[in-house]
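Architecture and fold: a report
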Amino acid sequence: MNKTIMKSLLLTIVASLAAWALSVTYMNTKPRIDAYAEQEAREARKEILPEAVEFEQINIGEQEYFIGYGEKRKRVGVCIKTKTQGYSGQIEMLMGFNMKGEITGLKILKQNETPGLGSKIMEEWFSKQFIKLKEEDLKFRKEAPKGKIEAITAATISSRAVVNGAKKLLGFYGDFLRYLKKKEILKYVGDGDYAGEGRGFSGPIKVSVTVRNHRIVKIAILEQQEVVEYWSKVREKIPQEMLEKQNIDVDVVSGATYSSKGLIEAVTNALEKGME
């Protein structure tokens, strides 16, 4: 009995020491592993958006975007990453876009496709097909007259997975443009008073927005039919936030989503009328 207890005790000590050694090794090597991964990520972004000399990360919801800037901090495009289902598992891909909405590069970061077949999505000839394409071009030549993608022989599923991923990324790019519009619309609005309309919970919401020197100086509510209890909160919060932030990227009021969206839509509509 004593020998059994001693053996169990020794095994526990050995296991604890092994776990401790592994944790120390992990702590010592993790910074180097993270640094190497970050270096690879920077190189990948530079490869697919070569005009960029630096990148800035932003998040729109849960999606990461890396905005690329050229000389004199001129925005030249954005890099976006996603995953798509391939033949043998998830394919992780990174794509660059210029500010015209054209694809500037594609890089497959991770894949487990069949060696010699689906794995050919890693080859340069395949990824280069996507450069300068737009959404309407993302079809196989053999399936659509306007298609510009040549599928890999005997690996259609893997090829289609990358095309689907590219379409998904174009959707994210659209979200990015809408984000910029919310943030930067005032750069393109001249001085004036502009009327706008949005759809609220109970009917139309009409506003007048005054802009001076590319800044909102006044938001006047001209007409609305919203429920007083909820509208009072919307009326108090949203115009004030827009004036403080000097953009239309504001959150809706909890419990008054439709009224909030209607007011935001009305202000956006007004500003769009003043775009030069």
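Residues numbered from 1 in each chain as written. Predicted model: local features only at pLDDT ≥ 70, side-chain atom pairs only at ≥ 80, totals over all residues. Heavy atoms only, no water.

Take helix α4 (residues 228-245) next. Three or four residues apart is the spacing at which side chains of an α-helix point the same way, because the helix has 3.6 residues per turn. In a regular helix each residue adds 1.5 Å, so 18 residues correspond to 26 Å; α4 covers 26 Å between its end C-alpha atoms and thus fits that length. Taken as a whole, α4 has its buried residues at Trp231, Val234, Ile238, Pro239 and Met242. (Helix = DSSP H or I, 4+ residues; strand = E, 2+ residues; numbered from the N terminus. Expected span 1.5 Å × (residues − 1). Buried < 20%, exposed > 50% of the residue type's maximum accessible area, 1.4 Å probe, protein only.)

This part is about the sheet that holds strand β7 (residues 204-212). The strand order β6-β7-β8 describes an open sheet built from three strands, whose pairing is antiparallel. Every other strand in the sheet has two partners, leaving β6 (192-199) and β8 (215-223) as the edge strands with one partner each. Here the strands of the sheet are splayed against their neighbours by 25° on average, with no regard to which way each runs. Relative to β7, β6 is paired through eight bridges, and the arrangement is antiparallel. Within β7, the position partnered with Glu197 by the bridge is Lys206. Where α4 meets the sheet, its contacts fall on β7 and β8, and the angle it forms with β8 comes to roughly 160°. Where helix α5 (residues 257-273) meets the sheet, its contacts fall on β6, β7 and β8, and the angle it forms with β6 comes to roughly 145°. (Pairing = 2+ DSSP bridges. Axes fitted to C-alpha atoms, helices over the stretch in contact; angles between N-to-C directions. Contact = heavy atoms within 4.5 Å.)

Enumeration over the complete set of coordinates arrives at 15 salt bridges. The salt bridge involving Lys107 is made with Glu47; its shortest N-O contact spans 3.4 Å. Taken together, the residues span a long stretch of sequence, with Lys107 in strand β5 (residues 103-110) and Glu47 in helix α1 (residues 2-48) at a distance of 60 residues. Judged by relative accessible area, which is 27%, Lys107 ranks as partly exposed. Across the pair Lys128 and Glu124 runs a salt bridge, and its minimum N-O distance is 3.1 Å. Here the residue Lys128 and the residue Glu124 both occupy positions in helix α2 (residues 124-128), the gap between them amounting to four residues, near one helical turn. Counted as one network, the salt bridges with shared partners bring together Glu54, Glu56 and Arg73. (Salt bridge = Lys/Arg side-chain N within 4 Å of Asp/Glu carboxyl O.)

Per the counting criterion, the structure on display carries six aromatic pairs. Here the aromatic rings of Tyr173 and Phe176 are separated by 6.3 Å at their centres, their planes lie at 40°, and the arrangement is tilted. Residue Tyr173 and its partner Phe176 are both found in helix α3 (residues 156-184); the two are separated by three residues, about one turn of the helix. Each member of the pair, Tyr173 as well as Phe176, carries the same accessibility label: buried. Consider the rings of Phe201 and Tyr258, whose centres lie 6.2 Å apart with planes at 45°: the pair is tilted. Note that Phe201 is positioned in the loop between β6 and β7 and Tyr258 in helix α5, a separation of 57 residues in sequence. You'll find Phe201 and Tyr258 in the same group, each marked exposed. Put simply, the rings of Tyr65, Phe97, Tyr173 and Phe176 touch in pairs and so form one group of aromatic residues. Between the NZ or CZ atom of Arg45 and the centre of the ring of Phe55, over which it lies, the distance is 5.7 Å. (Phe/Tyr/Trp six-rings, centres within 6.5 Å; stacked < 30°, edge-to-face > 60°. Lys NZ or Arg CZ within 6 Å of the ring centre and 35° of its normal.)

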